[in-house]
Structure formats: C-alpha cells, structure tokens
Amino acid sequence: MDIKITRSTHLKEKPDQNHLGFGNYFTDHMLTIDYDEGQGWHDARITPYEPIAMDPAAMVLHYAQETFEGLKAYRNPNGDVMLFRPEMNARRMINSNARLCMPALPEEMFIEAVEAIVKYEQDWIPTAPDTSLYIRPFMYAAQPSVGVHPANSYKFIIILSPVGAYYPEGVNPIKIWVEDEYVRAVKGGTGFTKCGGNYAASVAAQVKAEQKGYTQVLWLDGVHRKYVEEVGTMNIMFYIGDEIITAPIDGSVLPGVTRDSMLRLLKDWGYKVSERELSIDDLMEAGHNGTLKEVFGTGTAAVISPVGELNYKEDIVTINDFKTGPLTQRLYDTLTGIQWGKIEDPYQWTRIIK
C-alpha cells in the first residue's frame, strides 16, 4: 500500500508505564483506509489521532454494522518490535465481516496496516514488566442512509493504546458469577464474530455480577441454559480430573487466538484436551467433589485469568483454595515468554516488524 503520513504537530506526553491500566491512553496517530463499492479499499493514511467526523445518518449508528479486533505489540530483550499471530486476527476479521455483510480486508493488507502504524508509533511501546501496546483495528459502515441493508462505504481504522494488566487482580484469581437469565449468543447468530453488538448485549449481566461482588460473568448456552460457553470477554477452560475441557467452536463461541495457542501448548505437553459441551451441573459437582483442579479464562487482553470462585444460583465453589494453579501459571509464563521474546518460539508464532 501507498500509505500517506501526516504527522501530528502536538505530540502527547507519555503516561507512567507503572500505572497504565487498560485502554486509558492512546498514541499520537491512527491509521485509516476507506472502502467504497466499485472502488474497493483506497486512500490509506496515517494521521493525528483525532475525533471522527461522521454523518448523523451513518449506518453504523443505526444498524450496528461494525467489527473489531484486538492484538498486541511487544518489545523483546533485543529491542525488536514483535507481533503475535496477526494473521489469525486478520482471518477472524474476514469471517466477522462476512457474517455482517461487510467487505473483507485482505489478510496481507491487514498485516501491512498493523505493521505500518505500530512501526510509526513504536516509541509508545512500554517496556515495564507485563506491559504492551494494545492494537485495536475496527471497521464500520460509513454510508449515510436510514434503511436496513448493507452499506456501500466503510472505514477501517487502527488505534493504539499502551496497556498494563486488563484486570486489577493481574494473574491472580477472580470471582465469577454464572449467568442464567441473560444470553450472550446462540448458534446461527453472531457469537463467533467480534462485533460490538455482542458486547453491548453482555453489559447487563456484567453490571449484575459487579453488583454482587463478582469480576466477570460465565455465560451458559442460549438454548438450554445448561452448557458453559465463555467468561466475559474471554474463552474459558476447566481442568477436571485428567482432562482439560473447553467449549467447542460451533457458532456461538469466539475462536480466540489465545485459546488456540493454549490448546496447542496443552496438547504438546501431553494433556488430554477436549473441545466439548460441559454442563454447569457437572462443573459444580466437580467443584464440590474435588475433581475440579483449575479454571482459567484466556484472551488477548488478559492473556490468562485464573478463576478462584464460581457462584451458580448462590451455590459457591472455591477452586484451588483461591490460588493460581500450577498449570495456569505455566501456561501464562510460557505464552508471555514467547510473546515478549524471552523464551524460544518453536511454533513461529511471533513476527518481528522490520
């Protein structure tokens, strides 16, 4: 791509790397590519980070044609800037867009755009322990029209944010509320996509959980309200007996990049891994009879988040004495070691930005 650059004349002061939080600060520039029917993708540009001018009739505001992704950039001990499996984010966005009748941004163009803006803003990549540069590509329907049909014009934008831990607890156990009233997704819907509507629909349960003193929500399937699926914005895995169980990717669960990476590690380490349905009743029984060893959520933002307590209809299970389990810690240390370039990457998951 021919990417035009307009440099900001008012550069921001960098935030304290030890108090970043997550998604609180944004870099000086963003990348934008336009799409118009009949012309395709065009006018790639890096410009100062600024508000988006939008027509009040822009279709995204009325019919929610919007998708997004999330990945990170890291600086390894040699000072190189690295990405982690960006091709998977590119392919997932293509699948999300297909479900919402939005144009596909080709994989090579997605990666080129990510590398271009990260390279341009590399001074913003934090170097304090457990920090990284969060990358948020997103796409939305820009056509002004009040009518339910696919738009004919879109914008693809990437913004960047230096971040620390997603949860204040860090890699320490969190408390989970099992939601049996609201539904996140059903097969045939948009559960497998990263679209804003999925997350908007999840907020009510999240608020309810927080009011009860819980950090996140464990979602049950939308048909039977019986089988465990995702936790908050993450995939989730359960170590029961000699088996590690996670929900299958069959239309209502997001195919997480971190999920896929964890499963590969677990299989290579010799663990029995099952992508199958697990009922909440069987899960709670395992918690009470002692066969539930560890529970952990997986996702780009938090990487891995151990679960120390489950509450289902006021029946409470404590997991591993509310401590981070040895397998959870090993997975976190291994994956982050690969991501930050501190240990060998036998899978060629990392990609150095030249």
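Above this note sits the structure.
Summary of the structure given here. (Residues numbered from 1 in each chain as written. Predicted model: local features only at pLDDT ≥ 70, side-chain atom pairs only at ≥ 80, totals over all residues. Heavy atoms only, no water.)

Of all hydrophobic cores here, the largest spans 46 residues; its most connected members are Leu-31, Phe-110, Val-118, Ile-135, Phe-156 and Ile-158. Counting residues per element, this core draws most heavily on helix H3 (residues 107-120), at seven residues. With sequence-adjacent residues up to four places away left out, Phe-110 is seen in contact with Glu-69, Leu-71, Pro-86, Asn-89, Ala-90, Met-93, Leu-105, Pro-137 and Phe-156. Counting residues in hydrophobic clusters, the runner-up holds 26 residues, among them Tyr-167, Leu-278, Ala-286 and Tyr-312. (Core = buried A, V, L, I, M, F, W, Y, C linked by side-chain atoms within 4.5 Å. Buried < 20%, exposed > 50% of the residue type's maximum accessible area, 1.4 Å probe, protein only. Helix = DSSP H or I, 4+ residues; strand = E, 2+ residues; numbered from the N terminus. Contact = heavy atoms within 4.5 Å.)

Remark: helix H6 (residues 257-268) packs on helix H8 (residues 326-339), axes separated minimally by 11 Å, with the N-to-C direction vectors making an angle of 110 degrees. It follows from the interaxial angle that H6 and H8 lie roughly perpendicular. Relative to H8, the crossing made by H6 is right-handed. In contact with Thr-258, Ser-261, Met-262, Leu-265 and Leu-266 of H6, H8 contributes Leu-327, Leu-331, Thr-334 and Leu-335. For the contact of H6 with H8, the class distribution of residues is six nonpolar, three polar and no charged. (Axes fitted to C-alpha atoms, helices over the stretch in contact; angles between N-to-C directions. Parallel < 35°, antiparallel > 145°, perpendicular 65-115°, else oblique. Left-handed = near helix turned anticlockwise from the far one by under 90°. Nonpolar A, V, L, I, M, F, W, Y, C, P; charged D, E, K, R; others polar.)

Taken as a whole, the largest pocket encloses approximately 460 Å³ of empty space. Sorting the residues of the lining of the largest pocket by element identifies strand E7 (132-141), strand E8 (153-163), strand E12 (234-240), H6 and strand E15 (292-299) as the ones contributing at least two each. Considered class by class, the residues forming the lining of the largest pocket number 14 nonpolar, 10 polar and three charged. (1 Å grid on protein atoms, 1.4 Å probe; cavity = no way out; pocket = protein on both sides within 12 Å on 5 of 7 lines; lining within 4 Å. Points joined across faces, edges and corners; volume = space filled by probe spheres on them.)

Moving on, we get to unusual backbone geometry. A positive phi is found at Val-303, a non-glycine position, where the angle reads about 70 degrees. Summarising the element assignment, Val-303 is placed in strand E16 (residues 303-312). Owing to a relative accessible area of 4%, Val-303 belongs among the buried residues under this scheme. Of note, Phe-322 is a non-glycine position whose phi angle comes to about 60 degrees, a positive value. Within the secondary structure layout, Phe-322 lies in the loop between strand E17 (315-318) and H8. Overall, Phe-322 belongs to the partly exposed group, its relative accessible area being 33%.

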